[in-house]
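An overview of the molecular structure
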Amino acid sequence: MLNFDSCVTLKPEKAVSKYYAGLIKNLVYQNPLSATRVSDKIAGLLENARQDFARLVGARAEEIIFTSSGSEANNLAIKGFLAANASKPKGVLTTFYEHSSVMAPIKSSARSGYKFARAACGEIAGYAHEKTDLMPSGAALAAFVMLSGETGEVFPVKEMTAAARAREIAVHCDACLAAGRIAINAGSLGVNMMSVSAHKFGGPAGVGALYVRPGTRLFPLIEGGVEERGLRAGFYNVPAIAAAGLAARMAFECMDERNASLKKLKLILCEELSRRIKGVRWVAGADSPLDFYASFILPGKNAENLISRLSNSGIMVSPYSWCVSAAKTPDSLIHKGIDEYDAAGYMRICLSHHNTEKEILRLIGRIVKFSK
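Below or above, wherever it landed, is the structure these notes cover. These numbers come from a predicted model, not from an experiment. Residue positions within a chain follow its written sequence, with the count starting from 1. In keeping with the model being predicted, local features are shown solely for residues with a pLDDT of at least 70 and side-chain atom pairs are shown and tallied solely at 80 or more, while totals for entire chains, interfaces and linings include all residues. Based on all heavy atoms of the structure, the side-chain values leave hydrogens and waters out of the count.

1. Regarding the sheet that holds strand 10 (residues 293–297)
Formally: In this scheme, strands are said to pair when DSSP sees at least two bridges between them. The secondary structure listing takes helices from DSSP runs of H or I that are at least 4 residues long and strands from runs of E that are at least 2 residues long, numbered from the N terminus. Fitted lines through C-alpha atoms serve as axes, helices being fitted only where they are in contact, and the angles separating the N-to-C directions of these axes extend from 0 to 180 degrees. In this analysis, two residues are considered to be in contact whenever any of their non-hydrogen atoms come within 4.5 Å of each other.
Pairing is antiparallel in the open sheet, where 3 strands are placed in the order 9-10-12. In this open sheet, the two edge strands, each paired with only one partner strand, are strand 9 (281–284) and strand 12 (346–350). Between one strand axis and the next, the sheet turns by 25° as a mean value, whatever way the strands run. Bridge count between strand 9 and strand 10: 3 bridges; the pairing is antiparallel. From the neighbouring strand, W282 faces strand 10, where its bridge partner is F296. Sheet strands touched by helix 8 (residues 238–276): strand 9, strand 10 and strand 12. Its angle to strand 10, the strand with the most contacts, is close to 15°.

Shown next as structure tokens:
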């Protein structure tokens with residue numbers, strides 16, 4: 001099966017899989033907080049992984065909290081912050097592009113009296129040097145995604161964060177799709193919290209992390225232990241975390257090389273589809289900012305049927321994030337100006353450094369054939 005849906009998950013490198021399997025087979029498990037030689041080895045593996053995650057997002061190791069997923073990290077950031085800062089204004093500001101694991105805890109905060117507002121990313125960034133309120137009733141927290149898996153946009157998080165923090169609003173950034181694919185520096189962005197997910201950059205599933213800026217108050221979701229500074233109780237999945245650290249290191253060190261290769265493949269995809277399919281409309285084309293991402297509209301075509309036919313021929317693609325595919329038209333597409341008619345013919349291609357030019361040409365040939 002050829003995979004052109006790497007926004008969902010990225011296949012681990014062979015070195016990561018081998019390292020992971022070796023740890024599962026040979027590692028002696030013990031609490032890293034106990035005072036034994038074995039526990040020192042466990043603690044060393046965790047610390048190395050923490051340092052690798054920190055380097056990937058431009059942070060310090062002590063600012064990284066391990067979780068079981070990006071979704072858990074998002075929930076810890078939002079629920080944990082609101083619970084720990086209940087005296088702040090009962091408002092949350094967010095955008096039209098957030099993942100469901102961000103929007104669900106924001107919506108559930110209404111049970112505690114919170115209101116939320118959604119705005120366009122450019123609109124929020126535009127308030128960086130203005131005095132106008134972002135939310136008339138005030139807000140304690142803002143949640144901004146770094147890039148969109150539905151439209152391929154990279155958002156001005158630094159400017160959005162400046163606008164929020166000028167109004168004493170803390171900021172959480174969902175960087176799950178961005179980490180390992182584009183350069184990130186949590187410190188220079190100014191965010192209070194940032195979530196990442198290992199399987200998005202080639203690590204094993206079941207490992208995520210939350211960057212927490214010093215001075216940011218959080219309450220834990222999972223209580224009953226001192227792990228992760230008391231913010232995430234539970235016995236460590238050391239093999240998975242250590243392998244995720246290796247994947248983070250490889251993603252960081254190979255990022256420029258991978259993106260250069262992806263840019264060439266994306267150019268072939270865009271040029272050939274434009275040449276061979278009349279009327280194709282690019283939403284994220286050759287000049288779009290993400291080298292691994294392209295999306296387009298085939299007017300009058302049913303993308304779901306086309307994707308099904310591609311799947312039956314051994315090729316995986318998707319219309320947009322499967323987390324929102326149940327919705328008729330995702331909010332992210334609506335606010336990009338894509339109506340229901342065009343959304344029916346919308347497809348995204350998420351490339352990975354594992355893809356080859358031969359595979360791209362096969363994909364193009366199938367899309368051309370099945371769209372006739």
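2. Some points on the pattern of salt bridges
Opposite charge on two side chains permits pairing when their charged atoms draw close. The following threshold applies: In the sections that follow, a salt bridge refers to a side-chain nitrogen of Lys or Arg positioned within 4 Å of a carboxyl oxygen of Asp or Glu. Residue exposure (1.4 Å probe, protein chains only): buried if accessible area is under 20% of the type maximum, exposed if over 50%, otherwise partly exposed.
Across all of its chains, the model carries 10 salt bridges by this definition. Note that D5 and R348 form a salt bridge whose closest N and O atoms lie 3.5 Å from each other. Here D5 is found in the loop between strand 1 (2–3) and helix 1 (14–26), whereas its partner R348 is found in strand 12, with 343 residues between them in sequence. Judged by its relative accessible area of 2%, R348 falls in the buried class. The shortest N-O distance in the salt bridge between E228 and R50 comes to 2.8 Å. Of this pair, E228 sits in the loop between strand 8 (208–212) and helix 8 while R50 is found in helix 2 (residues 37–57), placing the two residues 178 residues apart along the sequence. Note on accessibility: E228 and R50 belong to one class, buried.

3. Quick look at the pairing of strand 12
With 5 of 5 residues buried, strand 12 lies mostly within the body of the structure. Alternating positions in strand 12 separate into two faces, Y346, R348 and C350 on one and M347 and I349 on the other, with burial throughout. Sheet topology note: the strand 10/strand 12 ladder contains 5 bridges and is antiparallel. Residue pairing for strand 12: S295 is matched across the bridge by R348.

4. Here's the deal with the packing of helix 3 (residues 70–84) against helix 4 (residues 100–108)
What counts is decided by this rule: For this classification, under 35 degrees means roughly parallel, over 145 means roughly antiparallel, 65 to 115 means roughly perpendicular, and everything else is oblique. Take the far helix as the reference: if the near one is turned anticlockwise from it by less than a right angle, the crossing is left-handed, and if turned clockwise, right-handed. Only Asp, Glu, Lys and Arg are considered charged in this grouping, and only Ala, Val, Leu, Ile, Met, Phe, Trp, Tyr, Cys and Pro are considered nonpolar; every other residue, Gly among them, is considered polar.
It is the contact of helix 3 with helix 4, at a shortest axis distance of 9 Å, that shows an interaxial angle of 30°. As the angle between them shows, helix 3 and helix 4 are arranged roughly parallel. In the crossing of helix 3 with helix 4, the sense of the turn from one axis to the other is right-handed. The segment helix 3 lies against helix 4, with S71, N74, N75, I78 and K79 engaging S101, V102, P105, I106 and S108. Class assignment of the residues belonging to the contact of helix 3 with helix 4 gives a composition of 4 nonpolar, 5 polar and 1 charged.

None of the figures reported here should be taken as evidence of function without further support.
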